[in-house]
Amino acid sequence: MKRMNLVPAYRYRFGGAMKGAAVFFGIMILMTALVFCSLLYATWKGAEGTINFAAFGFAAMITMFVTGICTIREDLRLMLQNGVGRRTVFTAELLVILSVSLLLGLAGELLVAVSQIATSHWQNFYIWDIFQLLFFNEMGKDLTFAAHIQSMLCSFGLYTCANLTGIFVSLLFYRLNKVWTIIVAVGTPIFFFIGLPLLMAWHVIPRCFVDAVGSLVSFSLHSSWNMLLVFVVTAALTAIMNWLLLHRAPVKPIK
């Protein structure tokens, strides 16, 4: 892998990824402003009740997942056509994922923090993010700087995992023929939403496996650092699987 190939590949992918991230962040700023205007209008009308807004983390996770699905195959074909090796393609993609996930986590935390400061005098309006609610306090107000950093790092881990998972799904379909693509696409959600609960209810799945999953969930929810560790390990394992799929993936048109 030559540095002269990695740097242009990274710059090309980073520029495209940041354009998409900037559009998403602009939409989230607009949504936050609309919610804020709705609060002002409700206050002017004398309405009572509590308003909660926590859309950024979920929306960013979905965006990163979909981005992973949509970009990897096009990037692979384009870079191979321009003489960039598969290892360089994979390394550039990984560096871009880490960079964009970190910047998106920072931007999201700043947006939430500024919004919380701007609405701090409204006791019936709460803007927070998922990790603030899970680990720091009930409604995400009055967080310390350290708590914001921990929340940002958890978001970074979540976005990285989401993007790598999207790449895994895309590469898996890339390697399958049309019949298996349909089977996996239809069968996977049926298995997770219907088959797996039934298997657990019928005690077909070994009890030790269920206990292990429960222990992992409990460990993750114990602290933000535990959650971040789980994200890091999951991202590393997913990246390894992605490399195994990518390094021999045939270059062919999208099905």
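Heads up: these notes are all about the structure in this document. (Residues numbered from 1 in each chain as written. Predicted model: local features only at pLDDT ≥ 70, side-chain atom pairs only at ≥ 80, totals over all residues. Heavy atoms only, no water.)

1. Things to note about the overall build of the protein
Move 1: On a plain count of helices and strands, the protein comes out with eight helices and two strands.
Move 2: Shown N-terminal to C-terminal, the secondary structure of the protein runs as helices and strands in the order α-β-α-α-β-α-α-α-α-α.
Move 3: Reported as C-alpha extents along the three principal axes, the dimensions of the protein are approximately 60 × 55 × 30 Å.
Move 4: Evaluated residue by residue, the protein yields a buried proportion of 37% over its 255 residues.
Move 5: When contacts within the protein are restricted to residue pairs at least 6 apart in sequence, those whose partners lie at least 24 apart make up 78%.
Move 6: Positive and negative charge centroids in the protein, built from 17 and 9 side chains respectively, lie 21 Å apart. (Helix = DSSP H or I, 4+ residues; strand = E, 2+ residues; numbered from the N terminus. Buried < 20%, exposed > 50% of the residue type's maximum accessible area, 1.4 Å probe, protein only. Contact = heavy atoms within 4.5 Å. Lys, Arg positive; Asp, Glu negative; His and termini not counted. Charge placed at Lys NZ, Arg CZ, Asp CG, Glu CD.)

2. What to know about the side chain of Thr32
Move 1: If you trace the backbone, Thr32 turns up in helix α1 (residues 3-44).
Move 2: Classification of Thr32 as buried rests on a relative accessible area of 10%.

3. Quick word on the nonpolar core
Move 1: Within the largest apolar cluster, 40 residues are counted, with the highest numbers of intra-cluster contacts made by Phe56, Leu104, Phe131, Tyr159 and Leu171.
Move 2: Looking at this core, the elements that each hand over two or more residues are α1, α2 (56-81), α3 (86-118), α4 (130-135), α5 (145-175) and α8 (224-246).
Move 3: When near neighbours in sequence (up to four residues on either side) are disregarded, Phe56 contacts Phe24, Phe25, Met28, Leu104, Gly108, Leu111, Asp129 and Tyr159. (Core = buried A, V, L, I, M, F, W, Y, C linked by side-chain atoms within 4.5 Å.)

4. A look at the packing of aromatic side chains
Move 1: By the definition in use, this model includes five aromatic pairs.
Move 2: Look at Phe25 and Phe56: their rings are 6.2 Å apart centre to centre, the planes differ by 80 degrees, and that puts the pair in the edge-to-face class. Taken together, the residues Phe25 in helix α1 and Phe56 in helix α2 connect sequence positions 31 residues apart.
Move 3: Measuring from centroid to centroid gives 5.4 Å for Phe90 and Trp243, while their planes differ by 50 degrees, and the two rings are tilted. You can see Phe90 sitting in helix α3 and its partner Trp243 sitting in helix α8, a full 153 residues away along the chain.
Move 4: Judged by relative accessible area, which is 25%, Trp243 ranks as partly exposed.
Move 5: Members of the aromatic cluster, connected to one another through ring pairs, are Phe24, Phe25 and Phe56. (Phe/Tyr/Trp six-rings, centres within 6.5 Å; stacked < 30°, edge-to-face > 60°.)

5. A short note on the environment of Gly68
Move 1: Relative to the helices and strands, Gly68 is located in helix α2.
Move 2: The buried category is assigned to Gly68, whose relative accessible area is 0%.
Move 3: The sequence separation of Gly68 and Glu93 amounts to 25 residues, and the corresponding C-alpha distance is 9.7 Å.
Move 4: Setting aside anything within four residues of it in sequence, one finds Gly68 in contact with Asn163, Gly166, Ile167 and Ser170.

6. What about the layout of surface pockets?
Move 1: Approximately 350 Å³ is the volume attributed to the largest pocket.
Move 2: In terms of lining, the largest pocket is formed by Phe65, Thr165, Phe192 and Leu196.
Move 3: Broken down by class, the residue content of the lining of the largest pocket amounts to three nonpolar, one polar and no charged.
Move 4: Here the second largest pocket defines a volume of roughly 300 Å³.
Move 5: For the second largest pocket, the full set of lining residues is Phe131, Leu134, Cys161, Val213, Leu216, Val217, Ser220, Leu221, Met227, Val230, Phe231 and Thr234.
Move 6: Those elements that provide at least two residues to the lining of the second largest pocket are α4, α7 (207-222) and α8.
Move 7: Residues belonging to the lining of the second largest pocket are distributed by class as follows: ten nonpolar, two polar and no charged. (1 Å grid on protein atoms, 1.4 Å probe; cavity = no way out; pocket = protein on both sides within 12 Å on 5 of 7 lines; lining within 4 Å. Points joined across faces, edges and corners; volume = space filled by probe spheres on them. Nonpolar A, V, L, I, M, F, W, Y, C, P; charged D, E, K, R; others polar.)

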